[in-house]
Structure formats: C-alpha cells, structure tokens
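# Coordinate analysis (summary)
Given next are the chains, with one letter for each unit.
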Amino acid sequence: PVAEPPKATGTFGIGKGKDGIEVSSHVRFDDVDLGNCLSQIFGLHKLDGHGTLTLDVDGSGQSVWALTHTLNGTANLNAHDGALVSIDVEQLLQRLEKRPLSGNGDFRTGRTPFDQLLLDVKIDQGMISVQKLQFNGPAVKLQVAGEASIPARDLDLQGTATLVSANTAEEFALPFTVQGPWDSPVPLPDASSLIR
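I will try to describe carefully the structure that is included in this document. Predicted model only: the values in this text are computed from it and were never measured.

## As for the pattern of salt bridges
In the structure shown here, the tally under the stated rule is two salt bridges. Between aspartate 30 and arginine 28 there is a salt bridge whose closest N-O contact spans 2.8 Å. Between arginine 111 and aspartate 48 there is a salt bridge, and its shortest N-O distance comes to 2.8 Å. Placement of arginine 111 in strand E5 (residues 111–124) and of aspartate 48 in strand E3 (residues 47–61) is noted, with a sequence separation of 63 residues between them. By relative accessible area, aspartate 48 is classed as partly exposed at 27%.

What follows is the structure, encoded as structure tokens:
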C-alpha cells in the first residue's frame, strides 16, 4: 500500500489593522517530516521523525520585530520514531554516571533517538512557556520546563535527563539547564547533582 502524503489544514491570515500588520495562524500539520517542516517554518534543525504539529497564534505590529513581541497562542507537537539531532544524551549520561566529575567533554554531536515526544507550549506577548515536554526514548527520558523568547530567539530551560537501563533497578537521573540562542543552545548538567 502507498502511504498517504502529509496533510496541512487550517488558515493563515495577514492584513493591515489599527496596530500595523495583523497576522494569525490556525494550522495543523498531520504526519509531517519534522526535519523539513520545522526547518522551513521556524528555521530549527534539531528534530528528525514524523508527527503532528498544531499552531494557533496571532499578533500585530508595525514591523516584524514589533509583531514578535505581541504573539499570543499555543503550539503542540506529538512526534514519534525520531531523534534529537546534534546531541547524544545517552552517551553523556553514561559518562557522567561512571565519572561524575570528569568533565562533560564534547557531547554536542550525535543523535538521541525517541519513541515519542510530546510538547505543549503557551505563547504570551512573544514569550514561549513550556507547559509540557516529555521525551521517551529507548535509552533516555527527558522532562523539560522553562521559557523561550521569540524576539530574542533564545532559550532558558530546565529539565531532568534519565538514563533508562534494563540492568539496574535504579535509574540515573540528572538535572540540567539549556540556555543560549535557538541555533546553538548550551546544555549544562547541574554541577551540585554531580558533586552529590
């Protein structure tokens, strides 16, 4: 059987209003290739896989910069069978589990596969607030909260990475932060947890 092509439904509007340009988007992308979809819409190149993306936002302003400060709405992603690109969380956690104070090394290469990724965000005046981010993979689980700025295109996230192991009853869990620009964020393990 031939697979059905991805579907996009919804509306996108742009027009002139009392506050300048008015933009609204109420769009749902079903079973899309995340690598292509997210790079074309948001310029993000950090996820591979397939999933459903829903985007309900509106805003207005005299320029694109001003518009990004007024964006309000929600976005949701339900993805499966993919990977977080440019970081190997499993390798990092295994290294830190054995030698917590040995340093992180260069871990911003590789991939972290996932079976399912769920993301719900709220957008208020250009600030993205992560309501839920759950990443379930064969070897790693991630839970993340925090904020991101659309105008500044930067992140301020906190989370916990858990190494899933069939060989032990205890899971190795490590708090972490992710800060910096969307294009090259810096994930950092929580130093006090490593010392403990």
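## Details of the nonpolar core
With 43 residues, the main nonpolar core has Leu77, Val89, Leu93, Leu117, Ile128 and Leu142 as its most contacted residues. Those residues in contact with leucine 142, other than ones at most four positions away along the chain, are Leu84, Val89, Leu133, Gln134, Phe135, Thr160, Ala161 and Phe176.

## What to know about the packing of aromatic side chains
As enumerated under the stated definition, the model contains one aromatic pair in all. On the numbers, 5.3 Å between centres and 70 degrees between planes, the contact of phenylalanine 114 with phenylalanine 135 is edge-to-face. Here phenylalanine 135 lies in strand E6 (residues 127–136) and phenylalanine 114 lies in strand E5, a separation of 21 residues in the sequence. Of the two residues, phenylalanine 114 and phenylalanine 135, neither departs from the other in class, the shared state being buried.

## Some thoughts on the pairing of strand E8 (residues 154–163)
As judged from the ten bridges shared by strand E7 (residues 140–149) and E8, these two strands associate in the antiparallel manner. When the bridges of E8 are listed, glutamate 147 appears paired with aspartate 156. Alignment of E8 against strand E9 (residues 172–181), held across ten bridges, turns out to be antiparallel. Paired with leucine 155 across the two strands is glycine 180, which belongs to E9.

## A word on unusual backbone geometry
For serine 86, which is not a glycine, the phi torsion comes out positive at approximately 80 degrees. Relative to the elements of secondary structure, serine 86 occurs in the loop between strand E4 (72–85) and helix H3 (89–98). We classify serine 86 as partly exposed; its relative accessible area is 28%. With phi around 55 degrees, glutamine 125 is a residue other than glycine that occupies positive phi space.

## Comments concerning the sheet that holds strand E2 (residues 20–33)
Pairing is antiparallel in the open sheet, where ten strands are placed in the order E1-E2-E3-E4-E5-E6-E7-E8-E9-E10. On the outer flanks of this sheet lie strand E1 (7–17) and strand E10 (186–189), each paired with one strand and no other. This sheet shows a mean twist of 15 degrees between the axes of neighbouring strands, independent of strand direction. Of the pairings in the sheet, the one linking E3 to E4 comprises eleven bridges and is antiparallel in character. If you follow aspartate 58 over to E4, its bridge partner there is asparagine 72. Against the sheet, helix H1 (residues 34–42) makes contact with E2, E3 and E4, and its axis sits at roughly 20 degrees relative to E3, the strand it touches most.

How each quantity is defined
Residues numbered from 1 in each chain as written. Predicted model: local features only at pLDDT ≥ 70, side-chain atom pairs only at ≥ 80, totals over all residues. Heavy atoms only, no water. Salt bridge = Lys/Arg side-chain N within 4 Å of Asp/Glu carboxyl O. Helix = DSSP H or I, 4+ residues; strand = E, 2+ residues; numbered from the N terminus. Buried < 20%, exposed > 50% of the residue type's maximum accessible area, 1.4 Å probe, protein only. Core = buried A, V, L, I, M, F, W, Y, C linked by side-chain atoms within 4.5 Å. Contact = heavy atoms within 4.5 Å. Phe/Tyr/Trp six-rings, centres within 6.5 Å; stacked < 30°, edge-to-face > 60°. Pairing = 2+ DSSP bridges. Axes fitted to C-alpha atoms, helices over the stretch in contact; angles between N-to-C directions.

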